[in-house]
Number of protein chains: 2
Amino acid sequence: MTTPRKPRGPYRKGLERRQQILRAALEVFSEHGDRGSSLKEIADHVGMSQAGLLHYFDSREELLVAVLAERDAVDVEATANVMTPGEAVARTAAHNARQRGLVDLFVTLSAAASDPDHPAHAFFTSRYANLAGQIEDGLGKAQDRDEIRTDVEPNHMARMLLALSDGLQLQWLLDPSVDMEGTIQAFNRICLPVAAEGDTSHLDRGDDS
Amino acid sequence: MTTPRKPRGPYRKGLERRQQILRAALEVFSEHGDRGSSLKEIADHVGMSQAGLLHYFDSREELLVAVLAERDAVDVEATANVMTPGEAVARTAAHNARQRGLVDLFVTLSAAASDPDHPAHAFFTSRYANLAGQIEDGLGKAQDRDEIRTDVEPNHMARMLLALSDGLQLQWLLDPSVDMEGTIQAFNRICLPVAAEGDTSHLDRGDDS
DNA sequence: GTCTATACCCGGATAGAC
DNA sequence: GTCTATCCGGGTATAGAC
């Protein structure tokens, strides 16, 4: 998506600028969310004028979705070579706890994007479908290997993990003392193969921050 | 809450108008969210002018928080006399699945309100603190009665439930095929007292809609 | 390519007539 | 209490000079 054509030749500088703007926009959007950010602020950040910025992205919307895609790429990279889905989600949570603005942006935008008319609607719907699908697959395989409990459908569990992640982000935004990672790991623990009733000693160690 | 007493005398009509506006605002906000709604639209809805509306609520913010409180009152009423926390959350989810606009408003606003400067910030922070506290209590008691598993802290579990609820709402907004209630009940099921390994027959019946 | 200037729109809030 | 008219601010987008 957005696939910026790659002209060779004199356009090189332009492409670099574009990247520069993208980075700045990511920062600014991250800090103030969608609504709170103006083109002018992003432009300032890059060190150019608002009108100059519009030379690269024809509209605000265009810039927004470009930023989203960019952010996503970073995320994917960070969790690409990771073990179990539960772990990946926990990791991301821990990482996000250092990126308040990004979390804000994400929560805000994904909600706003539920409107089919929103410029980022397609982006988010496919994003969630993909994520859910991937996680579901991962969980299914883990079930086959008896690594996790098998009495819940992978699909339900995948949706749970995603919901947990998003919901905790929201709660954390409102109250930074909320322990995103710990809570997710607690969840992961109860999805391990269920031990005999008495033997739960391995379950309750070292998570309660 | 809101308890509109009915003063006779000159104020009666005014109070009714206020209620009328509140209802209209709830509808409009529900449909287009915070950002997407204008005073004019709400006013139109009521059948009066934007300026006229401002006669009852001095500012947009004031109206917004009033609406929030109103909505909350309704919610509380709906889950007041309900059994276990997990059940209550599942119920609410089922109910919400018929109130897309409201869900949208809630998700949008709670995210936006994470900004300490947002007019609804205080409202949402205390709301979550209260909810989490209540649920935690309920779960603690359930643990004491051995109705649910005891190897997860009530606090973590409470946060999980809330996160699950919110996160699923978001996913559902983006993809209405997401089964909010079913997923929550699946979660509730894995929080029941853990049976012996072989005996999980009671766990996987009648949920996968 | 980048700027300044500006047109334009939208939404909230205010003033003042009725 | 309610309206019309108006102001004002913020934001995007455009025109046109350099």
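Above this text you will find the structure in question.
Criteria and thresholds
Residues numbered from 1 in each chain as written. Chains lettered and ligands numbered in written order. Predicted model: local features only at pLDDT ≥ 70, side-chain atom pairs only at ≥ 80, totals over all residues. Heavy atoms only, no water. Least-squares fit on C-alpha atoms with pLDDT ≥ 70 in both. Contact = heavy atoms within 4.5 Å. Near = heavy atom within 4 Å. Polar contact = N/O pair within 3.5 Å; in protein donor to acceptor, adjacent residues only side chain to side chain. Helix = DSSP H or I, 4+ residues; strand = E, 2+ residues; numbered from the N terminus. Buried area = accessible area lost by both parts, 1.4 Å probe. Salt bridge = Lys/Arg side-chain N within 4 Å of Asp/Glu carboxyl O. Nonpolar A, V, L, I, M, F, W, Y, C, P; charged D, E, K, R; others polar.

Moving on, we get to the relation of the copies chain A and chain B. Overlaying chain A on chain B yields an RMSD of 0.3 Å, the required transformation being a rotation through 179 degrees with an accompanying axial translation of 0.0 Å. Such a combination of turn and shift is consistent with a two-fold rotation axis. If distances are taken from each C-alpha of chain A to the rotation axis, the shortest is found for G167 of chain A, at 2.1 Å. Take the interface residues of chain A: 100% of them recur as interface residues in chain B, which is what a same-surface contact looks like.

Once that is clear, we can look at the protein's contact with DNA strand C. Residues in contact with DNA strand C amount to 16 residues; listed here are only the nearest, S49, A51 and Y56 of chain A together with L39 and R60 of chain B. Here DNA strand C approaches the protein such that, of its atoms within 4 Å, sugar and phosphate make up 62%. The backbone of L39 of chain B places a nitrogen or oxygen atom 3.0 Å from a phosphate oxygen of DNA strand C. R60 of chain B has a polar side-chain atom sitting 2.4 Å from a phosphate oxygen of DNA strand C. Counting residues per element, the ones that place at least two in the surface near DNA strand C are α1 (12–32) and α3 (50–53) of chain A together with α3 (50–53) of chain B.

Moving on: the interface of chain A and chain B. Tallying the contact residues gives 49 residues for chain A and 49 residues for chain B. Summing the contributions of chain A and of chain B, the shared interface buries around 4,000 Å²; its carbon and sulfur component is 64%. Among the residues of chain A in contact with chain B, Q171, L174 and I190 of chain A are the three that bury the most area, contributing 16% of the side total. Applying the counting rule to chain A against chain B returns 2 salt bridges. R159 of chain B serves as the salt-bridge partner of D175 of chain A, at 3.8 Å between the closest nitrogen and oxygen. Taken together, the links from chain A to chain B amount to 4 residue pairs in polar contact (both at pLDDT 80 or more). Looking at the side of chain A that touches chain B element by element, the count peaks at 13 residues for helix α8 (residues 154–174) of chain A. Among the residues forming the side of chain A that touches chain B, the class breakdown is 23 nonpolar, 10 polar and 16 charged.

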